[in-house]
Amino acid sequence: MRIVVLAGGVGGSRFTQGVRRAYGDADITVIGNTADDITLHGLRICPDLDTLMYTLGGGGDTERGWGRVDESWRAVEELRAYGADNTWFGLGDRDLGTHLFRTQLLAAGVPLSEVTRRLCARWWAHDPALRLLPMSDDPVETWVDVPDPEAAEGRRAVHFQEYWVRLRAEPEALAVTRVGIEEARPAPGVEEALAGAELVLVGPSNPVVSIGPILAVPGIRAALRSTSAPVLGFAGILHGAPVLGMAHRLLPAIGVEVDAGAVGRHYGSRAGGSDGVLDAWVMDTGDETSVGAVEAAGLRALVDDLVMSSPDATAAFVRRAVERVAA
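Keep in mind that what you see is a predicted model, and the values were worked out from it rather than measured.

Can you walk me through helix H4 (residues 93–107) in this structure?
Counting along an α-helix, one turn takes 3.6 residues, and residues three or four places apart therefore face a common direction. End to end, H4 covers 21 Å across 15 residues, agreeing with the expected 21 Å (1.5 Å per residue, within 8%). Of all the residues in H4, the buried ones are Asp95, Leu96, Thr98, His99, Arg102, Thr103 and Leu105. Tucked inside the fold, the buried residues of H4 contact strand E4 (43–45), helix H2 (47–57), helix H3 (74–81) and helix H5 (112–123). Just downstream of H4, Gly109 is the residue with a positive phi angle, here 95 degrees.

Structure, rendered in structure tokens:
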């Protein structure tokens, strides 16, 4: 089976672990979000791609959910000692090697998709049927408008990483902007993977800053709408709150209620005349009251226990959902 997964970082990597556990013989292509990418200390950092790469390669820190296992922080401690800027970002010593290698290749003109392939060749050598593609080779960055009484318009824009990590998503998100998205194009292999897929899964990643940017790359939404494969989406909002991260701080900025059914309706159905991308939307059993509203929007609604307590638990609910849609 040829499976395509759309994914962000922590939640997306755990979800993909379950998909691999459920379909051990499948060819799996993961399309990763790159709108979280940022340049710090002269290095190009791709947090979601790296989290997917480390986690599925067995080198990720399972307690934090991101970064390398057995990490140390001497380099960033030295930067702080010098009074350098942007030391709020957790740049580990092992992780630093990845960013140095990536930045070197990008500076030499190697596109991000090829850089990602070379990086994954180390981590995913044990699983050659697993492939990671960035959503685009073109740089895209998510910026968030936050209140600032001292600014001329009472607000200022900060990079998503600063909002998420340094500010801990505490200020109200007034608006979300994807810089460079209009000029971006799908990375090589993305549209082809969607066209040739037998199953497409939209992971339970942040709808605003993880899945949203992937769908916003010109050409990807159209490829999703035209694929002959069933497209299933999985809610990352359970019982009115995100399982991981702080999506509840960003959904209001795009006018979407913090509710599993509302997120499904936001993605939309492929069946109607809209630009929706899903055939079915899977929600947790605690959100069963949203089934009617989702189905009224033209989407098939499924409910199951969506707690990703282990790869086996994730594999079980993914397989059940796929089998129900196939039936």
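Hey, could you run me through the side chain of Arg270 in this one?
Inspection of the secondary structure assignment puts Arg270 in the loop between helix H10 (260–267) and strand E13 (280–284). Only 3.4 Å separates the side chain of Arg270 from the backbone oxygen of Arg225, close enough to count as a polar contact. A distance of 2.9 Å separates a polar atom in the side chain of Arg270 from the backbone oxygen of Ala229. Among residues more than four places away in sequence, those in contact with Arg270 are Leu224, Arg225, Ser226, Thr227, Ala229, Pro230, Val231, Gly276, Val277, Leu278 and Asp279.

I'm lost on the packing of aromatic side chains in this one. Help?
Given two aromatic rings, one states the distance between the centres and the angle between the planes to describe the pair. Taken as a whole and assessed by the stated rule, the structure comprises seven aromatic pairs. Aromatic pair Trp66 and Trp73: ring centres 6.3 Å apart, planes at 65 degrees, arrangement edge-to-face. Residues Tyr267 and Trp281 carry aromatic rings whose centres are separated by 5.6 Å and whose planes lie at 75 degrees to one another, so their mutual orientation is edge-to-face. One end of the pair, Tyr267, is in helix H10; the other, Trp281, is in strand E13, and 14 residues separate them in sequence. Across this residue pair, the class does not change: Tyr267 and Trp281 are buried.

Hey, could you run me through the nonpolar core in this one?
The nonpolar side chains of a soluble globular protein tend to be buried with one another. Core analysis: the biggest nonpolar cluster contains 96 residues, and Leu6, Leu194, Leu201 and Phe234 have the highest contact counts within it. Each residue touching Leu201, except ones within four places of it in the same chain, is listed here: Ile3, Val4, Val5, Leu6, Phe15, Val19, Leu232, Phe234, Val318 and Val322. Residues Ile38, Leu40, Ile45 and Leu96 belong to the second largest nonpolar core, which totals seven residues.

Even after reading the chapter, I still don't get the packing of H2 against H4, so can you show me in this structure?
Geometry of a packed helix pair, given as the angle between the helix axes and the separation of the axes. Two elements in contact, H2 and H4, have axes whose closest approach is 12 Å; the angle formed by their N-to-C orientations is 125 degrees. Considering their axes alone, H2 and H4 lie oblique with respect to each other. Here H2 runs over H4; the crossing is right-handed. For the pair H2 and H4, the contacting residues are Asp50, Met53 and Tyr54 in the first and Asp95, Thr98, His99 and Arg102 in the second.

Is there a simple way to explain the packing of H4 against H5 in this structure?
Contact geometry for H4 and H5: axes closest at 10 Å, N-to-C directions at 140 degrees. On the basis of the axis angle, H4 is oblique to H5. Of the two elements, H4 crosses H5, and the hand of that crossing is right-handed. Here Thr98, Phe101, Arg102, Leu105 and Leu106 of H4 come into contact with H5, specifically with Leu112, Val115, Arg118 and Leu119.

Help me understand the side chain of Asp148, please; the structure alone is not making it clear to me.
Here Asp148 lies in the loop between strand E6 (141–147) and strand E7 (155–159). Its relative accessible area of 17% is what places Asp148 among the buried residues. In terms of polar contacts, Asp148 uses its side chain to reach the side chain of Arg156, at 3.3 Å. Residue contacts for Asp148: discarding those within four places in its chain leaves Gly154, Arg155 and Arg156.

The rules we used
- Residues numbered from 1 in each chain as written.
- Predicted model: local features only at pLDDT ≥ 70, side-chain atom pairs only at ≥ 80, totals over all residues.
- Heavy atoms only, no water.
- Helix = DSSP H or I, 4+ residues; strand = E, 2+ residues; numbered from the N terminus.
- Expected span 1.5 Å × (residues − 1).
- Buried < 20%, exposed > 50% of the residue type's maximum accessible area, 1.4 Å probe, protein only.
- Contact = heavy atoms within 4.5 Å.
- Polar contact = N/O pair within 3.5 Å; in protein donor to acceptor, adjacent residues only side chain to side chain.
- Phe/Tyr/Trp six-rings, centres within 6.5 Å; stacked < 30°, edge-to-face > 60°.
- Core = buried A, V, L, I, M, F, W, Y, C linked by side-chain atoms within 4.5 Å.
- Axes fitted to C-alpha atoms, helices over the stretch in contact; angles between N-to-C directions.
- Parallel < 35°, antiparallel > 145°, perpendicular 65-115°, else oblique.
- Left-handed = near helix turned anticlockwise from the far one by under 90°.

The analysis is restricted to geometry; functional conclusions fall outside its scope.
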